[in-house]
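Below, each chain spelled out in residue letters.
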Amino acid sequence: MRTIWLGLLLAATLTATGGHASAAETRAGQILDRFEHANQWCDHVLVAAHRAGGMQAGKTRYPENSLAAVEGSIAIGAEIVEVDIRRSKDGQFVVMHDSWLDRTTTCKGEVLQHTVAELKTCRLLIEGSGIATNETVSTLREMLLATRGRILINLDNKLEVGDLAGMISVARDLGMAEQVIVKENLWNPARIASVKAAMDKIGGGFQFMPILADDAVHDAGFAETVDRAFSMHAAELINWRAGAETLTETGGPLFSPRMRAAAVRGNWHIWADTYAIVNKPGGFLSGGRGDELAVQASLPRETYGFWVERGATIIQTDEPKAAIDWLTANGYRVPYVAPSERIEPAATASIN
């Protein structure tokens, strides 16, 4: 149940600090403030657009990982775009999910066997229809420039941990490293140590988020260990084991009361995924409670509401508009304001 005191606490905090919106010069700055202060913004659920957010109402509107999809996600108010990073033949970072070009472009063959110049001749496809668009494969630099000052960008590294240094270097050259979220799977102490060494070598100034999946991590204690190592602002929790054969009733072992308590103590977000995986049942990452249930079955509360009730304050989705619409209608979104404006105290309690 949302309560009046949350709104009053938010307003009081804004007054004491001079107002977050007035301190943030860009939209990305305001989003970053909410990302870095999970407890302070606990009444707001951030939305991350999976593969830049090309889908709406079950239909693909833009090619995945495209600049057009980024623009669409920004227009509807998403806070984060997630994109996938690979290398070209001439060593540049490019935005592409698959290691092969066949599914998403008019070209064929491995990404790694094509130079950037060659990749620029490949037109991105609307998945499901095969329609070729005017969008071409983007370099990481082009994608970062499109998001600078506007939205946070989550880089899904399809390479090795050591390649993250080069990606952050590109972001630093553009003066926008703090807008970048990078993530790696963590599953045991040895993996924590190896990733920590890589992050320390890169240095600070960007956002690191661990991915914790319940096929290897079974309780909140491991998340607390990770937080001590990385001082994280968010943790991506994946529900693998429930599959999608039946709807999860609890959210799985990671979406537990102890995990929610750990997140509050550590002041970090619980990041839930509601998108489906190609060739897997709908909602595979979320125990059947994914975007297909929310959109095709018209049961958004059974997806977005379920995960929010289990502590999620970031939802990564293929349906960012549907998620934002439902979250807004049910009191889980705090409007962003212009630098000259102030957020007023809540006058009434939300129905949630």
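This text goes with the structure placed above it.
Residues numbered from 1 in each chain as written. Predicted model: local features only at pLDDT ≥ 70, side-chain atom pairs only at ≥ 80, totals over all residues. Heavy atoms only, no water.

Bringing the overall build of the protein chain into the picture now. A tally of regular secondary structure across the protein chain gives 13 helices and 13 strands. Expressed as a percentage of the 352 residues in the protein chain, the buried residues total 55%. Partitioning the contacts of the protein chain with sequence separation of at least 6, the portion at a separation of at least 24 is 69%. Taken as a whole, the protein chain presents about 14700 Å² of accessible surface, with 53% of it coming from carbon and sulfur. (Helix = DSSP H or I, 4+ residues; strand = E, 2+ residues; numbered from the N terminus. Buried < 20%, exposed > 50% of the residue type's maximum accessible area, 1.4 Å probe, protein only. Contact = heavy atoms within 4.5 Å. Areas by Shrake-Rupley, 256 points an atom, 1.4 Å probe, with all protein chains shown as cover.)

The interhelical angle for the contact between helix H8 (residues 189–202) and helix H9 (residues 220–230), taken along N-to-C directions, is 20 degrees, at an axis separation of 11 Å. The angle between H8 and H9 falls in the class roughly parallel. Seen along the crossing, H8 lies across H9 with a hand that is right-handed. Of the residues in H9, those touching H8 at Pro189, Ile192, Val195, Lys196 and Met199 are Phe222, Thr225, Val226, Ala229 and Phe230. Partitioned by chemical class, the residues of the contact of H8 with H9 number eight nonpolar, one polar and one charged. (Axes fitted to C-alpha atoms, helices over the stretch in contact; angles between N-to-C directions. Parallel < 35°, antiparallel > 145°, perpendicular 65-115°, else oblique. Left-handed = near helix turned anticlockwise from the far one by under 90°. Nonpolar A, V, L, I, M, F, W, Y, C, P; charged D, E, K, R; others polar.)

Turning to the pairing of strand S8 (residues 152–157), a few remarks are in order. Across the six residues that make up S8, a large majority, six, are buried. Residues Leu152, Asn154 and Asp156 line one face of S8 and the alternating positions Ile153, Leu155 and Asn157 line the opposite face, and both faces are buried. In this structure, S8 lies alongside strand S9 (residues 180–185), joined through three bridges in parallel fashion. Bridging across to S9, leucine 155 finds its partner in valine 182. (Pairing = 2+ DSSP bridges.)

The subject of this paragraph is the pattern of salt bridges. The final tally for this structure, using the stated rule, is 19 salt bridges. When the shortest N-O distance is used, the salt bridge between lysine 183 and glutamate 236 registers 3.2 Å. Placement of lysine 183 in strand S9 and of glutamate 236 in strand S11 (residues 234–238) is noted, with a sequence separation of 53 residues between them. Relative accessible area serves as the criterion here: at 4%, lysine 183 is assigned to the buried category. Under the relative-accessibility criterion, glutamate 236 is labelled buried at 2%. For the salt bridge of glutamate 309 with arginine 301, the shortest nitrogen-to-oxygen distance reads 4.0 Å. (Salt bridge = Lys/Arg side-chain N within 4 Å of Asp/Glu carboxyl O.)

Below, the discussion takes up the pairing of strand S1 (residues 46–49). By the alternation rule, side chains of S1 split into Leu46 and Ala48 and Val47 and Ala49, which are all buried. Pairing of S1 with strand S13 (residues 312–317), which is carried by four bridges, proceeds in the parallel orientation. Bridging from a neighbouring strand, leucine 46 pairs with isoleucine 314 of S13. Bridge count for S1 against strand S4 (residues 80–87) is two bridges, and the pairing is parallel. Of the residues in S4, the one forming a bridge with alanine 48 is isoleucine 80.

All right, on to the nonpolar core then. Leu144, Leu155, Met199, Leu212 and Trp268 are the most contacted members of the largest nonpolar core, which has 69 residues in total. The residues touching leucine 144, leaving out its near neighbours within four places in the chain, are Ile153, Val170, Ala171, Leu174, Met176 and Val180. (Core = buried A, V, L, I, M, F, W, Y, C linked by side-chain atoms within 4.5 Å.)

The subject of this paragraph is the side chain of threonine 105. One can find threonine 105 in the loop between strand S5 (93–95) and helix H5 (116–119). Polar contacts involving the side chain of threonine 105 include one to the main-chain carbonyl oxygen of leucine 101, which spans 2.9 Å. Within polar-contact distance, the side chain of threonine 105 engages the backbone nitrogen of cysteine 107 at 3.0 Å. Excluding residues within four positions of it along the chain, threonine 105 makes contact with Met96, Cys122, Arg123, Leu124, Leu125 and Val137. (Polar contact = N/O pair within 3.5 Å; in protein donor to acceptor, adjacent residues only side chain to side chain.)

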